[in-house]
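If you want the building blocks of each chain, they are given just below.
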Amino acid sequence: MQALLQASGLHVQYPGSQGKAIHALNGACLELRQGEVLGLLGESGSGKSTIAKTLLRLLPATAQLTGDRIEFQGRDLLKLREQEMQKVRGAQIAMIWQDPGQALNPVMKVGDQVTEVMLAHRGWNSRRCRDESEILLGRVQLENPERRIYDAYPHQLSGGQQQRVAIAQSLACEPSLVIADEPTSSLDPETEDEILHLLRAFTAQRKVSLLLITHDPKILIGLASRVAVMYGGRVIEEGPLEQVFQRPNHPYTQALLNCVPPPPGEPKPKSQMGLPTIPGSALDPESVSTGCAFAPRCSQRMEICEVRRPFPVDVEDTSRVECFLHGG
Amino acid sequence: MVVDQNNQQNATQPLLAVRNVTLHYAPRRFFGAARPTISAVQDVSLELFAGKTLALVGPSGSGKSSLARCIPLLEQPSAGQILYRGVNLSTLDRKTLKTVRREIHLIFQDSASALNPRLTLEEILAEPLVIHEAGRTAGTIRKRICEAMEQVELPEKWKSRRPLELSGGQRQRVAIARSLLLRARVLILDEVLSALDLSAQGQIANLLLALQTHHQLAFLFITHDLSMASLLADEVAVMRAGRIVQRGSPAEVFTVNLQSTSSPLLRNSPSRETVPATLISADK
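Residues numbered from 1 in each chain as written. Chains lettered and ligands numbered in written order. Predicted model: local features only at pLDDT ≥ 70, side-chain atom pairs only at ≥ 80, totals over all residues. Heavy atoms only, no water.

Attention now moves to the overall build of chain B. When helices and strands are tallied, chain B shows 9 helices and 10 strands. Classification of the 284 residues of chain B by burial places 53% in the buried group. Within chain B, contacts between residues at least 6 apart in sequence are counted, and of these 70% link residues at least 24 apart. For chain B, the accessible area works out to roughly 13,200 Å², and carbon and sulfur atoms hold 50% of it. (Helix = DSSP H or I, 4+ residues; strand = E, 2+ residues; numbered from the N terminus. Buried < 20%, exposed > 50% of the residue type's maximum accessible area, 1.4 Å probe, protein only. Contact = heavy atoms within 4.5 Å. Areas by Shrake-Rupley, 256 points an atom, 1.4 Å probe, with all protein chains shown as cover.)

In C-alpha cells, the structure reads:
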C-alpha cells in the first residue's frame, strides 16, 4: 500500500519550569498508508496528542519544532508557509478532538459550523454548502423529527451528538486523512460503540485514512489495521494490530496490554483481585535520557539500555520495534 | 450522636441505605415561560455495607451522579430517605450533619478541578482537619498529613507541590488521602478511574481495594466501565432514566461471553453480548 504520510525525526520542546525544557517528542517517526486506519497507542504524556498537533502544525507559539520531514501527498508540510498550511487543514487533513463540547463554537448553529468548513475550502456558493451540510448531518445519523439538527446549538445536543457533528465537520471536504484524538473517551460505552461504528463505516466507504489516538487498546479492535505504540515521545513499536496485540515485542507494549482488565462477567475472588500495573511512574518529560526511555521501568532491563537508545529493527517483516532484546 | 456509635456494624445491617429517593430539578423560568420539571432520580433504593463495593453503572444522563450528590445531601432529595447507621440524615440539625458528612465522602472524576490549584498538597490536606477538627496543633496536623500521604503512597517530600504539578493518578491519590484524614467510612467514587491511563487505573483500583480491606470502607463505585465494575464490585446496580432497572452479582448482571481466541485482549473487544440488556435502549 502506498504511503500517504511519512514523518521522521520529529522533536518538540516546550519551555518548562526553572529554565528546563519539556521534551514532548524525541525523534518520533510515523508512517500512514493510503486508506488505512492506524491506531496510535500510549499513556498520557507519551506524545500522542503532540504528534497530531505537529502534523497539522497547530503547536502553540512557545513550542520548538524541529524535524526531518512530514511528507504528505508528495509535499513536505514542514516547508509550507502558513497560508498554504491553512489550505491543508480541514481540506486534506481533518481533526476530531477529544472534547467536542470545547471544539465546537458555543454561539454558532452546528449546521453553520459544518457549512463554514465547506465555504472555506470547497469554492461552492453558500446555498450549496448549506444543502450539502444537511445531507452530511443526515449521513452521520443526526436526525431529529421535532427540530432540525442544523439549527441546534452545541449545548442543546448530547456528547454523542456533538461528536457526530465533529465527525460531519471533519468529513465536510472529503479529506485524505482524519486524525481523531481520543474521540470517545468522554462518552459512555453505548455511545462509544455507535461513534466507533460510524468511524468504521466512513473510513471503509470513503477510503479515508484515519489516525486514531487512544490510551485504550480495546478501542482499536475491529477498527485499526495497524498499531503504533508511543512512549517517551517516540514510536517504540509498530505493526499489524493482530501481531502487536497477540505477540507484542517491546516490554512496554507487553506491560501496557497486560493492564487491560478482563471482560465484564469474569469476576475474580477478592484475594486475587490485584490489577496488573506498570511499575514505576510515567517518564518525567523534563529529564533527558541517553538510553531507552522505558529502561527505568523495564523488567527486562540490560546494562546497555541505559547507555544508548536502541535503533529500530524489523521483526517478522511486518513489525518494527526499538528494543535491544530484538537486536536494536 | 450518630458518629459516636459503635463502628462494629452487624454485617447484615447496611452502613448506609438509600430508601425510595426521588430527585426533581425545577429549571428556572426562561423569559417567563415555564419549563417542565426534570426527574433525575426516581424511587431509587440501595444499600452500602462496610467492606463491600456496590457498582452503579448506566449511560450518561441516567442519574448516577445526581444520586451520588443526594447521599451526603449536597442535593436535597424531593422524596425518600438517606439512612446512615439507621439515622435519617434529613432529620439532623446542621451541626450533626456536618459530623456525619466527614464519614461520607465524594471523590470526583476530574481531580484537577476537585483540588484548589493555588494550594500546596499540605494546605489541601490540612483544610478538612482545620474544618472538622478545630483546635488541633500544627504538629498533630502535620503528623496526620504524613500518615495519610504514606497510606496513599505519595512521597512526603511532595507536600509543597501543587495539584497541577501532579499526574491524574497522583491527584486522585490526594483526593483519597483527604478522605482518609477524616476517617471516612463511605466513599462515593464518581468515575474516579475514567480519566486515567490503564496502568494508573490499576494502581488506584489496587490502592482502593487495600484501603477498603484495611479500614472496612463501603464504596459506591459509579462508572461506565463495565470491566472495572465487574472486577471491583460485590454487587452491580444498573441505572437507566433515573431508575435502577437491574441488580445482582457481576456474574448475574454481565452475561459471560467467552470467545474462542487465545488473546485475552481480543476477547475483550467491546461486544453487545457482554453489555447488560438493560443498558441498551429499546430503540436500538
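This next bit is on the nonpolar core. Counting 62 residues, the largest nonpolar core has Val114, Leu137, Val165, Ile167, Leu220, Phe245 and Tyr252 of chain A as the members making the most contacts within it. Counting 52 residues, the second-largest nonpolar core is a separate cluster that includes Ala55, Leu166, Phe219 and Phe254 of chain B. (Core = buried A, V, L, I, M, F, W, Y, C linked by side-chain atoms within 4.5 Å.)

Before going further, it helps to spend a moment on the pattern of salt bridges. Following the criterion strictly, the structure yields 27 salt bridges over all chains and no others. Glu238 of chain A is paired through a salt bridge with Arg226 of chain A; the nearest N and O atoms lie 2.3 Å apart. One end of the pair, Glu238 of chain A, is in strand E11 (residues 234–240); the other, Arg226 of chain A, is in strand E10 (residues 226–231), and 12 residues separate them in sequence. Pair check on accessibility: Glu238 of chain A and Arg226 of chain A agree, each one buried. For Glu103 of chain B, the salt bridge goes to Arg85 of chain B, with nearest N and O atoms at 3.3 Å. (Salt bridge = Lys/Arg side-chain N within 4 Å of Asp/Glu carboxyl O.)

We now examine the packing of helix H4 (residues 110–121) of chain A against helix H5 (residues 126–139) of chain A. Residues and elements named next belong to chain A. One can describe the packing of H4 onto H5 by two numbers: an axis separation of 9 Å at closest approach and a directional angle of 125 degrees. Judged on the interaxial angle alone, H5 and H4 are oblique. Read as a crossing pair, H4 and H5 show a hand that is right-handed. Taking contact as the criterion, the partners of Gly111, Asp112, Val114, Thr115, Met118 and Leu119 in H4 are, on H5, Ser126, Cys129, Arg130, Glu132, Ser133, Leu136 and Leu137. (Axes fitted to C-alpha atoms, helices over the stretch in contact; angles between N-to-C directions. Parallel < 35°, antiparallel > 145°, perpendicular 65-115°, else oblique. Left-handed = near helix turned anticlockwise from the far one by under 90°.)

Attention now goes to the sheet that holds strand E5 (residues 87–88) of chain B. An order of E2-E1-E4-E5 (chain B) is seen for the 4 strands of this open sheet, with the pairing classed as antiparallel. Bordering the open sheet on either side are strand E2 (38–48) and E5 of chain B, each of which pairs with just one other strand. (Pairing = 2+ DSSP bridges.)

Next up on the list: the environment of Met149 of chain B. Residue and element names in this part refer to chain B. Note on placement: Met149 falls in helix H5 (residues 138–151). In this structure, the C-alpha to C-alpha distance between Met149 and Arg178, residues 29 residues apart in sequence, is 9.2 Å. In contact with Met149, other than residues within four places in its own chain, are Leu121, Leu125, Leu154, Pro155, Glu156, Trp158 and Lys159.

Once that is clear, we can look at the side chain of Gln243 of chain A. Positionally, Gln243 of chain A belongs in helix H9 (residues 241–246). Those residues in contact with Gln243 of chain A, other than ones at most four positions away along the chain, are Pro248, Val315, Glu316, Thr318 and Ser319 of chain A.

What follows deals with helix H7 (residues 198–215) of chain B. Residue and element names in this part refer to chain B. The end-to-end C-alpha distance of H7, which contains 18 residues, comes to 26 Å, matching closely the 26 Å that a straight helix rising 1.5 Å per residue would cover. Turning to H7, its buried residues are Leu198, Ser199, Ala200, Gln201, Gly202, Ile204, Ala205, Leu207, Leu208, Leu209, Leu211 and Gln212. Note on H7: the residue one or two positions beyond its end, Gln216, has a positive phi of about 55 degrees. (Expected span 1.5 Å × (residues − 1).)

Residues and elements named next belong to chain B. In this model, Leu73 sits at a positive phi of 60 degrees, which is unusual for a non-glycine residue. Looking at where Leu73 falls in the secondary structure, it is placed in the loop between helix H1 (64–70) and strand E4 (79–84). Using a relative accessible area of 8% as the deciding quantity, one classes Leu73 as buried. Even without being a glycine, Glu191 presents a positive backbone phi close to 55 degrees. Along the chain, Glu191 turns up in the loop between strand E7 (186–190) and H7.

Turning our eyes to something else, we now look at the packing of H4 of chain A against helix H6 (residues 159–171) of chain A. All names here are of chain A. At a closest axis distance of 8 Å, the pairing of H4 and H6 adopts a crossing angle of 20 degrees. With respect to each other, H4 and H6 are oriented roughly parallel. Of the two possible hands of crossing, H4 and H6 adopt the one that is right-handed. Where H4 abuts H6, its residues Val110, Gln113, Val114 and Val117 lie against Val165, Ala168 and Gln169. Class assignment of the residues belonging to the contact of H4 with H6 gives a composition of 5 nonpolar, 2 polar and no charged. (Nonpolar A, V, L, I, M, F, W, Y, C, P; charged D, E, K, R; others polar.)

Right, let's get into the sheet that holds strand E9 (residues 235–240) of chain B. All names here are of chain B. The sheet built from 6 strands is open, its strands ordered E6-E7-E8-E3-E9-E10 with mixed pairing. Edge strands, defined here as strands with exactly one partner in the open sheet, are strand E6 (104–107) and strand E10 (243–248). Between one strand axis and the next, the sheet turns through 20 degrees on average, direction left out of account. Pairing geometry for strand E3 (residues 53–57) and strand E8 (residues 218–223), over 5 bridges, is parallel.

Time to look at the packing of aromatic side chains. Residues and elements named next belong to chain A. The tally for this structure, following the rule as stated, stands at 3 aromatic pairs over all chains. Between the aromatic rings of Tyr231 and Tyr252, the centroid separation amounts to 4.6 Å while the plane-to-plane angle is 50 degrees, which identifies the pairing as tilted. In this pair, Tyr231 is assigned in strand E10 and Tyr252 in helix H10 (residues 251–258), connecting sequence segments 21 residues apart. By the burial criterion, Tyr231 is buried, and Tyr252 matches it. Taken together, the ring pairs in this structure connect Tyr231, Tyr252 and Phe294 into an aromatic cluster. For the cation-ring pair, Arg128 lies above Trp124, with the distance from its terminal atom to the ring centre recorded as 3.9 Å. (Phe/Tyr/Trp six-rings, centres within 6.5 Å; stacked < 30°, edge-to-face > 60°. Lys NZ or Arg CZ within 6 Å of the ring centre and 35° of its normal.)

Attention shifts here to the pairing of strand E5 (residues 69–72) of chain A. Residue and element names in this part refer to chain A. Of the two faces of E5, the one lined by Ile70 and Phe72 is fully buried and the one lined by Arg69 and Glu71 carries no buried residue. One ladder, built from 4 bridges, connects strand E1 (residues 3–15) with E5; its direction is antiparallel. Opposite Gln6, over in E5, you have Glu71 as the bridge partner. The pairing of E5 with strand E6 (residues 75–76) spans 2 bridges and is antiparallel. If you follow Phe72 over to E6, its bridge partner there is Arg75. A loop of 2 residues connects E5 with E6, the two strands running antiparallel in sequence, and Gln73 in this loop sits at a positive phi of about 50 degrees.

Attention now moves to H6 of chain A. Residue and element names in this part refer to chain A. Taking 1.5 Å per residue as the helical rise, H6 with its 13 residues ought to reach 18 Å, and the 19 Å between its terminal C-alpha atoms agrees with that figure. Turning to H6, its buried residues number three or more, namely Gly160, Gln162, Gln163, Arg164, Val165, Ala166, Ile167, Ala168, Gln169, Ser170 and Leu171. Elements that come into contact with the buried residues of H6 comprise strand E7 (93–96), helix H3 (100–103), H4, H5, strand E8 (177–181) and helix H7 (189–206).

Another point: the side chain of Arg226 of chain A. Residue Arg226 of chain A is classed as buried on the basis of its relative accessible area of 5%. If near-sequence neighbours (up to four positions away) are discounted, Arg226 of chain A is found in contact with Glu31, Leu32, Arg33, Glu36, Val37, Leu38, Gly39, Glu238, Gly239, Pro240 and Leu241 of chain A.

Moving on: a nonpolar patch on the surface. Together, Met302, Ile304, Val307 and Leu325 of chain A make up an exposed nonpolar region whose accessible area comes to about 310 Å². Here Val307 of chain A lies in the loop between H10 and strand E12 (313–315). (Patch = residues over 30% accessible without salt bridge, like charges linked within 9 Å, V, L, I, M, F, W, Y side chains within 5 Å.)

With that settled, consider the domain arrangement of chain B. Residue and element names in this part refer to chain B. When the domains of chain B are assigned, the result is domain 1 (13–26 + 36–103 + 185–284) and domain 2 (112–181). Taken together, the contacts link 11 residues of domain 1 with 13 residues of domain 2. Counting each side, the surface lost to burial between domain 1 and domain 2 is near 1,100 Å², with a carbon and sulfur contribution of 66%. Linking domain 1 with domain 2 are 1 salt bridge. The closest approach of N and O atoms between Arg102 and Glu133, which form a salt bridge, is 2.6 Å. There are 4 residue pairs in polar contact (both at pLDDT 80 or more) connecting domain 1 and domain 2. Here the element with the most residues in the side of domain 1 that touches domain 2 is H7; it accounts for 6 residues. (Domains from an automatic or database assignment. Buried area = accessible area lost by both parts, 1.4 Å probe. Polar contact = N/O pair within 3.5 Å; in protein donor to acceptor, adjacent residues only side chain to side chain.)

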